[in-house]
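Residue-level structure breakdown
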Amino acid sequence: MNQDATWPNVTLPHFLERVSDAVTLTGSELFGFTPIVPVAQKSSFEIYAAAEWINNYVGEIPSEIHNVDGEATVGMSQQGFYAPLWQVAPQANDLDIILLDMTTFPWFQQLEMDVLEVHHAVISGIVDVEYLLEATRSIELMEWHPRSVIMQDIPKSMGTSENATHTDISYESVEVNDHCGSVVTYKIDGHEATVVGNGNLHDSKYDYLHLDSDFAGSTRYDGTDSSGAHCYYVIDVYPTDELKELYTTHTPILFASAILGVFLFTIGIFFCYNCAVERRQRRIASIAKRTNNIVKSLFPKNVQERIMAEAIEEAEKAEQAGKLKGKGAYHVSVKDRLKETLTSSLQGDGSDHAYKNVPPIADLFPSTTIMIWLVSLLGVRCESLPEFDLIAHKRRVFKVETVGDCYVAACGLPDPRRDHAVAMARFARDCRACMLSLMTQLEVTLGPDTGELGLRIGLHSGPVTGGVLRGDKARFQLFGDTMNTTARIETTGKKNMIHISETTANILQAFGKGHWTKLREDKVNAKGKGEMTTYWLVKTDGPKSTSSGISSSEGTGTGQDDDANSVNARAVFQVEENHVADSNVLTDKALRLVKWNSDVIGRILKDVMQRRQALNVSADLEAVRRLEKDSSIGHVFDEITEVLNLPKFDAEATARQNALNPITLDPKAAQQLEAYVHAIATLYHDNPFHNFEHVSHVIMSVTKLFSRIVAPEVSGDNRALHDHTYGITSDPLTHFAAVFAALIHDVDHQGVTNATLVDENNPLATVYNNKSVAEQNSVDIAWSLLMDDAFIDFRNCIYTTPAEYRHFRQLIVNLVMATDIMDKSLSQARKDRWATAFSDSSDEYGSSLNTMEEEIERNVNRKATIVLEHVIQASDVSHTMQHWHIYRKWNARLFEEMMKAYRQGRTQVNPADRWYEGEKGFFDFYIIPLAKKLKDCGVFGVSSEEYLNYAETNRKEWEAKGEALVAEMIAKFQEDPFPSNDP
C-alpha cells in the first residue's frame, strides 16, 4: 500500500487482483477489508472514502458509516471505534454494504477483540453472513451452507496467512464438530465436499474405524480472555459403503476368466496356423514364379545370373545331402533358397559353417562415371519422376537407386563402355532439361514457386566396386572412393548446374569435348578431400532432340559461372523469364500463373453456378445492368460495412445441390475469365514484391485456408458445418469473392505505402481523401474493368440478380479494404468487431424473441466477417507463415522494393536502418497475433496450427540470423543499386 497513507484513511492497492489467488486456492466466498476508525476520525474517514471512491470506482456509496438498516451510526460506539467495510471481493453489486459498520454484528465484535489480542488469524464459529454474500452476487443464494469467518489483522501491509484448510483428506464421510456446539456432516468426493446436514449423520457401523483431527489449528484463539465463546473445530472421519466397495476385490473370478480366455485363444491360434500353412502351400508355386522377375528388377544382368546360379547350386547340394530342415527332397522353394543365398543365414547343426565364409557377389568396374543429383527446394521424391528412368534407358545409363530426393546413376557398368563420361554428361544435361521443362508444366497445376524447383548435379569418374552385400533387404550397391568423391562434387554444386570433377573433365577433353567444360574459379573444399579443382559442364552440341524428346539446348557457353565477381550462371541455365518492357506483354511465367489462377477461379465459379441452380434463382439481368451503370468510383471507403450478411442455411437447396450433376463453364465465359485475369496481370507493375506473382501466392493461401476450413468433428453434416463456419461454407459466392479479392487487391500498386502517396500529394490521394488510397484505387480499377462489355458472360456467371450483385460487391469492398492494416480507423473497427463477436457477455438482446434471434444472426454474420477478413489478411502476408526459405525470398523482395523507393527519393527514411527490429516488431504485434486469431476462430483446422508454428519459428530464425541477412541484403543492393527514376 502507499507508504505515505495514514490510518485509517488507506486503500489496499490492487485488492481484487491480490485476493484472486486466495479465492482459487481456498474456495473462499468473500474477502473484505475493514479499517479500524476511531470515533474522532469518523468524519475525516467518511470524507476520504467519498473522494477515493469517486476517483477510482463507479457508482454511489453511502456518505456515512452506517448499520444494516442503512442508518448512520451516531454517538460513541461501545468499543470506541468503528469497523466500516471499505473494500470487498468479489465486487459488490449492492453498494449499500460499503461503509457498513461491522461492529453492529456481535460475532464480529468478539472476533475483532480476539484478533487484536493475539495478533494472528482467528476463526469464528458458524455465523450468518448471507447479507454480505447477497450484496456481492447477482443471483440469489439457493442453498444453505454452514459458514465461518477467518479474521486477520493488517498492521501496515497485506501479508500472507497460513492456509487454514487441509486437502489431504481421503475418506468419504467427514463430521466437522464446532466446539461451540454445532456439528455438520459432509460427504467428501476427491476435492469436492457436499453438505449432508446438521448433526452426526455418519453410518454408525463404522464407528470402530473412527479417526479425528484438529482443523485450522493455526486460527484457534490462544488468548487469556475466557469470557467469550471461542470456537474451534475437530474433524471426525468415517468410511462409507462406497469406500468399502472401492477396496472389495473380484480377483479370483478375473483370474479364472483370464485362464479360460487364454485357453480359447490358444485353440484359435492353432486353428488359424493350420489354415495358414495350407494356404501357404498353395501360394508357393506362384511365389516361386515371381521371384525371378523380382531379381531381374533389382540387379544388373550379370548379378542376376550369378545370384540365380548360386541359389540353384546351393539348393541342389542341400537336397542331395538331405540337410534342408522341414523340407522334403522334392519340395525346394526357389524363393527360400535365394533368400538364404543372399543372407547366408542357414540354421541348424553342420549347416552354418558351410555358408559362413561365402563371399559377396561383387565385381570391380575400373572405368565408370557416376552421377548423383538432388532435387532442391520442394523435396520432391525422385520415385515420383519416372521420366528420368526413361532417359536412362535410352542413354544406356544404369540407374543404381533413388533415396528420397537423391538419384544415383552409373555409366560403364555392368557393361564396360569407353565413352562413359561423354554419355553421362549427355544424360546429366537431359535430366536437367527434363526437370526444367517438367517444373514449367507443373507450375500451371501446382501454382507459384513450382518453377523454382531445380537440380544439383555432380559427376565423377573412376573405379567402383558393384555388387550385392548379403543381409536383409539385399540390393545392388556401389562402393569405393569414387562414390564418396561424387557425393562431395554434388553437395558443393549449385542449383541447376552440372558440377564435374577434374578427372571427368580430363576424360571429356580426351574425347574432344573439352569445350563442354568451364573451370570453376574457386577451389572446392570437400569434406575428407581437401581442396579440389572442379569444372562446370556449360556447353552442348547445339539444339538437338534428346532421347526423351525434350530439347537439351543450354546456351552458348560463353558466360561465366555464378560465383562472386562473375556473371550469374542462371542466365545460361535456369528457366527464369526476364521482365518484358511492354507492360501489356506478359512473361512466360506470368502467363502460366494466369492459366493457374484462371483454373482456380473457374472451379469455384462452377460451384457458384451450381448453388444458384439448386436455389432455383430467377435471373433479372436487366435490373443488374441498371445497377452496373450506377456504379461510380472514389467512394469505396464509404461502402465498408460493419457486418457482412451471409445467406441462411437452406437444407433443401443443399440436398438438391448434392444431387446435381457437375456444372460445365460456358466456353465464352471461360475465355472471358482467362482474358480478365490476363488483363488484371498486365495492370500489376514490375515491383519486386507487390506484383502478380505475389497475388498468385495470396490466391494460393486463400484457397488453402478455404480447403481446410472444415473441422473433422463436424464434417459430413451440412447443417453442423454451416453453423461451425458461421455460414461461409454454404455460400460459394463468398468463397469466389475471397479469391477474386485476392486477385485484385494490389492492382496498380505503386511500390510505396499509402502514407507515401499522401505525402507526395499524389492525385490518387486527393481522389480518395487520403484514406486507403492504394486499396480503393485497386477496387475501382478492377471493378471498372469487370464492367466492360467484353466480360458480360463472365459477369453473368458471377451474379444474375440485384441481390447477388450487391452481395458480391459488398464482399469485394470489405475484403480488399481489410488488406489495409495501417489505417487506424479500420484497424480499430476490426478490433471492436472481434471484441463484440467473441465476447463472453451475458444476454444483451432484451426480452423480445424476434430481437434476440435477429441479434444472434447478426453476431454470427459478424463472426463470419471476421473470419473472411482474417483469411485475406493472413494470405496477404502468408510468406511469414510458411517455410523459412519462402519467407526469406519475399522478405528480400520487400526490402528491395522499399530500398528502391528510398533510392528514388520517395521516402525519407532508409528502411535498412530499422529492418531487423521492424521485422521482429511486425512478427510480435501483427503476424503472431493474427495467426493466433486464426486459431481462435476455430474453423481452419490444422492450417491455423501450421500458420502459427511457422510464424513463431520464422520469428526465432529472424532473431538469430536477421542482422546478418540484413547486412547481406544491403551489400547486394549496394553492388547492384536501382536507378533513381522519377516516380
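It should be emphasised that the depicted structure is a prediction, and the values quoted were computed from it without experimental measurement.

A tally of helices and strands in the protein yields 31 helices and 21 strands. For the protein, with 983 residues in total, the buried portion stands at 46%. Restricting the contact set of the protein to residue pairs at least 6 apart, pairs at least 24 apart contribute 74%. Surface exposure of the protein reaches about 51200 Å², of which carbon and sulfur atoms provide 53%.

Tallying each qualifying case throughout the model produces 29 salt bridges. A salt bridge links Glu 693 to Lys 589, with the shortest nitrogen-to-oxygen separation between them at 3.4 Å. Placement of Glu 693 in helix α19 (residues 692-707) and of Lys 589 in helix α15 (residues 588-614) is noted, with a sequence separation of 104 residues between them. Close ionic contact of Asp 924 with Arg 955 constitutes a salt bridge, the shortest N to O distance being 2.9 Å. Note that Asp 924 is positioned in helix α30 (residues 915-937) and Arg 955 in helix α31 (residues 942-975), a separation of 31 residues in sequence.

All told, the structure shown has 27 aromatic pairs when counted by the stated rule. An aromatic cluster is present here, built from Tyr 676, Phe 736, Phe 740, Trp 783, Phe 791, Phe 794, Tyr 799, Tyr 805 and Phe 808 joined pairwise through their rings. Seen from the ring of Trp 890, Arg 893 lies directly overhead, with NZ or CZ sitting 4.5 Å from the centre. A cation sits over an aromatic face here: Lys 933 above Trp 834, 5.0 Å from the ring centre.

This paragraph deals with the packing of α15 against helix α21 (residues 732-744). Contact pair α15 / α21: the axes reach a minimum separation of 8 Å and the direction vectors enclose 155°. Comparing the axis directions of α15 and α21 gives the class roughly antiparallel. Judged by the twist between their axes, the crossing of α15 over α21 is left-handed. Here Val 600, Ile 601, Ile 604, Leu 605, Asp 607, Val 608 and Arg 611 of α15 lie close against α21, whose contacting residues are Pro 732, Leu 733, His 735, Phe 736, Val 739 and Leu 743. Partitioned by chemical class, the residues of the contact of α15 with α21 number ten nonpolar, one polar and two charged.

The predicted structure's coordinates, where accompanied by low pLDDT, should not be read in detail. For the protein, the mean per-residue pLDDT works out to 77, and 75% of the residues sit at or above 70. Here residues 157-171 scores under 50 on pLDDT; set against residues more than four positions off or in separate chains, the count is 23 contacts.

Moving on: the pairing of strand β14 (residues 406-411). Most of β14 sits inside the fold, with six of its six residues counted as buried. Here β14 shows no split at all, with Cys 406, Val 408 and Ala 410 on one side and Tyr 407, Ala 409 and Cys 411 on the other all buried.

Let us look at the state of the cysteines. Under the criterion given, the structure shown has zero disulfides. Distance from the sulfur of Cys 272, which forms no disulfide, to the nearest cysteine sulfur (Cys 275) is 6.4 Å. Owing to a relative accessible area of 48%, Cys 272 belongs among the partly exposed residues under this scheme.

Once that is clear, we can look at the nonpolar core. Counting 105 residues, the largest nonpolar core has Tyr 676, Phe 736, Leu 743, Ile 744, Phe 794 and Phe 808 as the members making the most contacts within it. Domain assignment of the residues forming this core places at least three in each of domain 5 (590-838 + 853-878) and domain 6 (881-977). Ranked by size, the runner-up nonpolar core spans 39 residues in total, among them Val 10, Ala 83, Trp 86 and Ala 89.

Looking at the secondary structure, you find Arg 656 in helix α17 (residues 651-659). Considered as a pair, Arg 656 and Leu 615 are 41 residues apart in the sequence and their alpha carbons are 8.3 Å apart. Sequence-distant contacts of Arg 656, defined by excluding residues within four places in its chain, comprise Ala 614, Leu 615 and Asn 616. A polar contact of 2.7 Å, which involves the side chain of Arg 656, links it to the backbone oxygen of Ala 614.

What follows concerns the pairing of strand β17 (residues 497-501). For β17, a buried count of five out of five residues is recorded, marking the element as mostly surrounded by other parts of the structure. Residues Met 497, His 499 and Ser 501 of β17 are buried on one face, and the alternating residues Ile 498 and Ile 500, pointing to the opposite face, are buried as well. Here four bridges tie strand β15 (residues 454-468) to β17, and the two strands are oriented parallel to one another. The residue of β17 that forms the bridge with Ile 457 is Ile 498.

With that settled, consider helix α12 (residues 481-491). Within the span of α12, buried status applies to Thr 482, Met 483, Thr 485, Thr 486, Ile 489 and Glu 490. Looking straight down α12, one finds its buried side chains confined to an arc of 165°; they lie on one side.

Turning our attention to helix α24 (residues 773-786). Taking 1.5 Å per residue as the helical rise, α24 with its 14 residues ought to reach 20 Å, and the 20 Å between its terminal C-alpha atoms agrees with that figure. Summarising burial for α24: eleven of the 14 residues are buried, a large majority. If you check which residues of α24 are buried, you get Val 773, Ala 774, Glu 775, Gln 776, Asn 777, Ser 778, Val 779, Asp 780, Ala 782, Trp 783 and Leu 786.

Time to look at the packing of α15 against helix α18 (residues 667-682). Contact pair α15 / α18: the axes reach a minimum separation of 9 Å and the direction vectors enclose 130°. With respect to α18, the element α15 is oriented oblique. Along this stretch, α15 crosses α18, giving a crossing that reads as right-handed. Listed contacts from α18 to Leu 591, Val 594, Lys 595, Asn 597, Ser 598, Ile 601 and Gly 602 of α15 are Leu 673, Glu 674, Val 677, His 678 and Ala 681. Across the contact of α15 with α18, the residue classes tally to six nonpolar, four polar and two charged.

At the junction of Trp 7 and Pro 8, the peptide bond is cis and its omega measures out at 0° in the coordinates. Its location among the elements puts Pro 8 in the segment before α1 (15-26). Cis geometry is adopted by the peptide bond preceding Pro 90, which originates at Ala 89 and carries an omega value of 5°. Tracing the chain through its elements places Pro 90 in the loop between β4 (87-89) and α3 (106-118). For Asn 761, which is not glycine, the phi dihedral falls at a positive 55°. Position of Asn 761 among the secondary structure elements: in the loop between α22 (754-759) and α23 (763-767).

Further remarks concern a nonpolar patch on the surface. Nonpolar side chains collect at one region of the surface, where Leu 260, Phe 263, Leu 264 and Ile 267 lie side by side and expose about 410 Å² of accessible area between them. For Leu 264, the location among the structural elements is in helix α6 (residues 251-298).

On to the environment of Ile 709. Take Ile 709: it is sitting in the loop between α19 and α20 (718-724). Using a relative accessible area of 2% as the deciding quantity, one classes Ile 709 as buried. When the C-alpha atoms of Ile 709 and Gly 941 are compared, they prove to be 6.1 Å apart, with 232 residues separating the residues in sequence. Not counting residues within four places of it along the chain, the set of residues in contact with Ile 709 comprises His 724, Thr 725, Ile 728, Thr 729, Val 939 and Phe 940.

Conventions and cut-offs
- Residues numbered from 1 in each chain as written.
- Predicted model: local features only at pLDDT ≥ 70, side-chain atom pairs only at ≥ 80, totals over all residues.
- Heavy atoms only, no water.
- Helix = DSSP H or I, 4+ residues; strand = E, 2+ residues; numbered from the N terminus.
- Buried < 20%, exposed > 50% of the residue type's maximum accessible area, 1.4 Å probe, protein only.
- Contact = heavy atoms within 4.5 Å.
- Areas by Shrake-Rupley, 256 points an atom, 1.4 Å probe, with all protein chains shown as cover.
- Salt bridge = Lys/Arg side-chain N within 4 Å of Asp/Glu carboxyl O.
- Phe/Tyr/Trp six-rings, centres within 6.5 Å; stacked < 30°, edge-to-face > 60°.
- Lys NZ or Arg CZ within 6 Å of the ring centre and 35° of its normal.
- Axes fitted to C-alpha atoms, helices over the stretch in contact; angles between N-to-C directions.
- Parallel < 35°, antiparallel > 145°, perpendicular 65-115°, else oblique.
- Left-handed = near helix turned anticlockwise from the far one by under 90°.
- Nonpolar A, V, L, I, M, F, W, Y, C, P; charged D, E, K, R; others polar.
- pLDDT = per-residue confidence, 0-100.
- Disulfide = S-S within 2.5 Å.
- Core = buried A, V, L, I, M, F, W, Y, C linked by side-chain atoms within 4.5 Å.
- Domains from an automatic or database assignment.
- Polar contact = N/O pair within 3.5 Å; in protein donor to acceptor, adjacent residues only side chain to side chain.
- Pairing = 2+ DSSP bridges.
- Arc of directions from axis to C-beta.
- Expected span 1.5 Å × (residues − 1).
- Patch = residues over 30% accessible without salt bridge, like charges linked within 9 Å, V, L, I, M, F, W, Y side chains within 5 Å.

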